[in-house]
Amino acid sequence: RMEPSEPELQAAYKAVVEGDQKATEEATRACIAAARYQPDEILTRALVPAMTEVGRLFEICEYFVPELLVSARAMKAALAVLQPLLAQQGSFQESQRKVVIGTVKGDIHDIGKNLVASMLEGYGFKVIDLGVDVSPDKFVAAVKEHMPQLICMSALLTTTMPSMKETMKALEDAGVRGSVKVLIGGAPVTAEYAKVRLCIPLYLLHDVLHRHQQIGADGYSPDASAAARLAKAKVGI
């Protein structure tokens, strides 16, 4: 665990882990008022470690999707308080990692995609959410416009998984594939699913991984917490 020892940072850390949005906002303002911490220090020493702990609790089945969501919302509230100060710092804004995320063409499911987006925002990523039923051309246009480090593609239906491969080809054809890492996922993320996610038949997991390898993506994740952790690793944070 990476819980900070300073009282102000510790309060912000605990508020995020507990998913208490009001307490998180108050603790973040208290950290600022203490005038002992830079805005990016509040983020990197209290808030991001808190989300890392939330992810750990999710992965060991002590937390489920509802807890993950409330903590992500608390983190987002803290970021809203910090954002103006982070913008003034400049260096943080320049180094902030960007990710384009969307559910692929033909698929209108967004629960898992929205959860991953929330987790990524919680880790300090700037998220460009393209929504659902996103065509390969829209992914390509978003890469050209926003110049992200990552693309996250989601597909719940096996019938829409070929859209991932089409998007990969479109990125190659447009000459932008080399500039981004591509992560894919698509298990149906609900509280009920979260409780049994480790009970996925192994042959199905192998099948999904095989599909991932076939299309040449840079990573696969079975759930939102792992997706956020993988995204951090891929961009070196």
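A brief look at the structure comes next. (Residues numbered from 1 in each chain as written. Predicted model: local features only at pLDDT ≥ 70, side-chain atom pairs only at ≥ 80, totals over all residues. Heavy atoms only, no water.)

### Things to note about the overall build of the protein chain
Per the secondary structure count, the protein chain includes eleven helices and five strands. A total of 237 residues make up the protein chain; the buried ones form 48% of that total. A fraction of 76% describes how many contacts in the protein chain between residues 6 or more apart in sequence connect residues 24 or more apart. As displayed, the protein chain offers around 11400 Å² of accessible surface, 54% of which is attributable to carbon and sulfur atoms. (Helix = DSSP H or I, 4+ residues; strand = E, 2+ residues; numbered from the N terminus. Buried < 20%, exposed > 50% of the residue type's maximum accessible area, 1.4 Å probe, protein only. Contact = heavy atoms within 4.5 Å. Areas by Shrake-Rupley, 256 points an atom, 1.4 Å probe, with all protein chains shown as cover.)

### Things to note about the nonpolar core
Counting residues in each nonpolar core, the largest one holds 45 residues, and the members touching the most others are Leu-47, Met-75, Leu-120 and Phe-125. Those elements that place two or more of their residues in this core are helix 1 (7-17), helix 2 (21-34), helix 3 (39-59), helix 4 (65-89), strand 1 (98-103), helix 6 (111-122), strand 3 (150-154) and helix 11 (224-235). Tallying contributions element by element places helix 3 first for this core, with ten residues. In this structure, Val-100, Val-104, Val-143 and Ile-184 belong to the second largest nonpolar core, which totals 23 residues. (Core = buried A, V, L, I, M, F, W, Y, C linked by side-chain atoms within 4.5 Å.)

### Description of the packing of helix 6 against helix 11
For the pair helix 6 and helix 11, the least separation of the axes is 9 Å and the interaxial angle reads 45 degrees. Taken together, helix 6 and helix 11 sit at an angle that is classed as oblique. Where helix 6 crosses over helix 11, the two elements pack in a sense that is right-handed. Together, Leu-115, Val-116, Met-119 and Leu-120 of helix 6 and Ala-224, Ser-225, Ala-227, Ala-228 and Ala-231 of helix 11 make up the contact between the two elements. (Axes fitted to C-alpha atoms, helices over the stretch in contact; angles between N-to-C directions. Parallel < 35°, antiparallel > 145°, perpendicular 65-115°, else oblique. Left-handed = near helix turned anticlockwise from the far one by under 90°.)

### Points about the pattern of salt bridges
Within the structure shown, the criterion is met by ten salt bridges. For Glu-8, the salt bridge identified is with Arg-36, shortest N-O distance 2.3 Å. Taken together, the residues span a long stretch of sequence, with Glu-8 in helix 1 and Arg-36 in the loop between helix 2 and helix 3 at a distance of 28 residues. Arg-36 sits in the exposed class, given a relative accessible area of 53%. A single network of salt bridges, built from pairs that share partners, joins Glu-6, Glu-41 and Arg-45. (Salt bridge = Lys/Arg side-chain N within 4 Å of Asp/Glu carboxyl O.)

### Some points on the sheet that holds strand 2 (residues 126-129)
What the five strands build is an open sheet, ordered 2-1-3-4-5; its pairing is parallel. Looking at the sheet topology across the chains shown, the edges are occupied by strand 2 and strand 5 (219-220). Where strand 1 lies against strand 3, five bridges are found, and the strand directions are parallel. Each bridged residue has a counterpart across the sheet, and for Thr-103 the counterpart in strand 3 is Ser-154. (Pairing = 2+ DSSP bridges.)

### So, helix 11
Between the first and last C-alpha of helix 11 there are 17 Å, a value that for twelve residues agrees with the 16 Å anticipated at 1.5 Å per step. Three or more residues of helix 11 are buried, namely Ala-224, Ser-225, Ala-226, Ala-227, Ala-228, Ala-231, Lys-232 and Val-235. Of the residues one or two after helix 11, Gly-236 is the one with positive phi, at around 75 degrees. (Expected span 1.5 Å × (residues − 1).)

### Some details on the environment of Gly-131
Turning to its location among the elements, Gly-131 is positioned in the loop between strand 2 and helix 7 (136-146). Distance from Gly-131 to Thr-103, taken between C-alpha atoms, is 6.3 Å for residues 28 residues apart in sequence. If near-sequence neighbours (up to four positions away) are discounted, Gly-131 is found in contact with Ile-101, Gly-102, Thr-103 and Lys-113.

### Let's talk about the pairing of strand 1
Counting buried positions along strand 1 gives five out of six residues, so the element sits mostly inside the fold. Examined bridge by bridge, strand 1 and strand 2 share four bridges and lie parallel to one another. Within the sheet, the bridge partner assigned to Ile-101 lies in strand 2 and is Asp-129. Regarding topology, helix 6 serves as the crossover connection from strand 1 to the parallel strand 2, and that connection is right-handed. (Right-handed = clockwise from strand over helix to strand, strands pointing away.)

### Some details on the side chain of Thr-167
Secondary-structure assignment places Thr-167 in helix 8 (residues 162-173). Excluding residues within four positions of it along the chain, Thr-167 makes contact with Pro-136, Phe-139 and Met-153.

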